[in-house]
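Here are the chains, one letter per residue:
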Amino acid sequence: MRFPFELKSDAKFDVVGFGTNAVDFLIRVPEYPAFDSKIELNDYIQAAGGEVATTMVGLQRLGLKTCYVGRFGKDEAGNFGLDNLREEGVDVTFSEQIEGARTQIAFIIIDEKTGERTVIWKRDRKLGFSEDEVSEDLVNDSKVLHFTPHDTRACIKLAQAAKNKGVLVSIDIDNVFDGIGELLPFVDVLLASSDFPKTFLGIGDHKESLKALKTKFDCGVVGITLGNRGSVVLCGDEFIETGGFEVPNGCKDTTGAGDSFRAGFLFGLLTGETVVESARMANAVAALKCRDIGARTALPDFGELKELLSFSN
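## Examining the packing of helix H8 (residues 275-289) against helix H9 (residues 302-311)
Viewed as axis vectors pointing N to C, H8 and H9 meet at an angle of 110 degrees, and their least axial separation amounts to 10 Å. Taken together, the axis directions place H8 and H9 in an arrangement best described as roughly perpendicular. Our pair here, H8 against H9, has a crossing hand that is right-handed. Within the contact between the two elements, H8 uses Glu 277, Arg 280, Met 281, Ala 284, Val 285 and Leu 288 and H9 uses Glu 304, Leu 305, Leu 308 and Leu 309. For the contact of H8 with H9, a count of residues per class yields seven nonpolar, no polar and three charged.

Dropping the structure here:
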């Protein structure tokens, strides 16, 4: 099955990302600690993360051209986050550091037995964008606009502009935000966490909830991620159920796996793959990311992705 979209034939960027970035402090423990207990950690690292920023890095490593639009604090963490994006080749022309703001951080506890993580995060309100603080021109030179809806009014403005200019709109969503019902009709590709449809619509069955999302908001493609169980995607009237891939040498950390999934899916869309193959790519990129600690550390290049896909055929 082919995607029901036409991509712009010429643009400076394949994807412009608008939304969250973070600096993560990842703490590995032998097992998740019980309430009111003490546990000795095995190791900890500082690494760059955040949903949209990580997806842009994932796409960049796969060979596409990306631009990240976001805000960092004017602090050491902000310097660290921006420098990481520059080193990866992501364009940060439209990113900025805000005086008096603290860069978003996350403390992430990783259970060494399973690689599963618990995230404790904080985003400074000064990092948010109002509707008046974003320009419609941000989407002029892109084939796809990809965002998280933390700054919903700004996202609505950009999504409307994207639709008017023939730019596809992709959303990464795991929570219900004010105004989300007004935003979703402008979305072409909706990839959500497994619990979002139930929280938003009150429908527990995965397939029924995806059908309801598609009918209500007329998105071209809707889907959910299911961790190591893979994903379910609805395109047209066809459900595409894709299993997860085994993580080479075992899962070390699931931080950023969902962001990586979206990178793989958009990569397939942008390189002319079918919806089925794009879902396989998405799950493969997510699995490869889990090879090491950190949201971006083990994101694959195209050669690594191709090898895992070929091995798993």
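## Brief notes about the state of the cysteines
Within this structure, the stated rule accounts for zero disulfides. Free cysteine Cys 155: the closest other cysteine sulfur is in Cys 219, separated by 14 Å.

## Regarding the nonpolar core
Ranked by size, the top nonpolar core spans 48 residues in total, and within it Leu 59, Tyr 68, Leu 85, Phe 265 and Leu 305 carry the most contacts. Secondary structure elements with two or more residues in this core: helix H1 (51-61), helix H2 (76-88), strand S11 (189-193), strand S13 (231-235), helix H7 (257-270), H8 and H9. At nine residues, H8 tops the list of elements feeding residues into this core. Apart from the residues lying within four places of it in its own chain, the contact partners of Leu 85 are Ala 53, Val 57, Tyr 68, Phe 72, Val 90, Val 92 and Arg 296.

## Details of the sheet that holds strand S2 (residues 22-29)
A sheet is described by the order of its strands in space; here four strands give the open sequence S3-S2-S7-S8, paired in mixed fashion. Each edge of the open sheet is held by one strand with a lone partner, namely strand S3 (43-49) and strand S8 (117-122). Averaged over all pairs of adjacent strands, the angle between strand axes in this sheet comes to 20 degrees, irrespective of strand direction. Relative to S3, S2 is paired through seven bridges, and the arrangement is antiparallel.

## Some remarks on the pairing of strand S10 (residues 168-173)
Most of S10 is tucked away: six of the six residues are buried. Covered by surrounding structure in S10 are Leu 168, Ser 170 and Asp 172 together with Val 169, Ile 171 and Ile 173, the residues of both alternating faces. Pairing between strand S9 (residues 142-147) and S10: four bridges, direction parallel. Residue pairing for S10: Leu 145 is matched across the bridge by Val 169. Regarding topology, helix H3 (residues 152-164) serves as the crossover connection from S9 to the parallel S10, and that connection is right-handed. Here four bridges tie S10 to S11, and the two strands are oriented parallel to one another. From the neighbouring strand, Asp 172 faces S11, where its bridge partner is Leu 191.

## Some remarks on the side chain of Asp 151
On the secondary structure map, Asp 151 appears in the loop between S9 and H3. Judged by its relative accessible area of 10%, Asp 151 falls in the buried class. Setting aside anything within four residues of it in sequence, one finds Asp 151 in contact with Phe 18, Arg 123, Gly 128 and Phe 129.

## Description of the side chain of Ser 142
Along the chain, Ser 142 turns up in strand S9. Of the residues examined, Ser 142 reaches a relative accessible area of 1% and is grouped as buried. Within the structure, Ser 142 has its side chain in polar contact with the backbone oxygen of Val 144 (distance 2.6 Å). Contacts of Ser 142, omitting those with residues within four sequence positions, involve Lys 8, Ala 11, Phe 13, Asp 14, Val 15, Val 16 and Val 167.

The rules behind these values
Residues numbered from 1 in each chain as written. Predicted model: local features only at pLDDT ≥ 70, side-chain atom pairs only at ≥ 80, totals over all residues. Heavy atoms only, no water. Axes fitted to C-alpha atoms, helices over the stretch in contact; angles between N-to-C directions. Helix = DSSP H or I, 4+ residues; strand = E, 2+ residues; numbered from the N terminus. Parallel < 35°, antiparallel > 145°, perpendicular 65-115°, else oblique. Left-handed = near helix turned anticlockwise from the far one by under 90°. Contact = heavy atoms within 4.5 Å. Nonpolar A, V, L, I, M, F, W, Y, C, P; charged D, E, K, R; others polar. Disulfide = S-S within 2.5 Å. Core = buried A, V, L, I, M, F, W, Y, C linked by side-chain atoms within 4.5 Å. Buried < 20%, exposed > 50% of the residue type's maximum accessible area, 1.4 Å probe, protein only. Pairing = 2+ DSSP bridges. Right-handed = clockwise from strand over helix to strand, strands pointing away. Polar contact = N/O pair within 3.5 Å; in protein donor to acceptor, adjacent residues only side chain to side chain.

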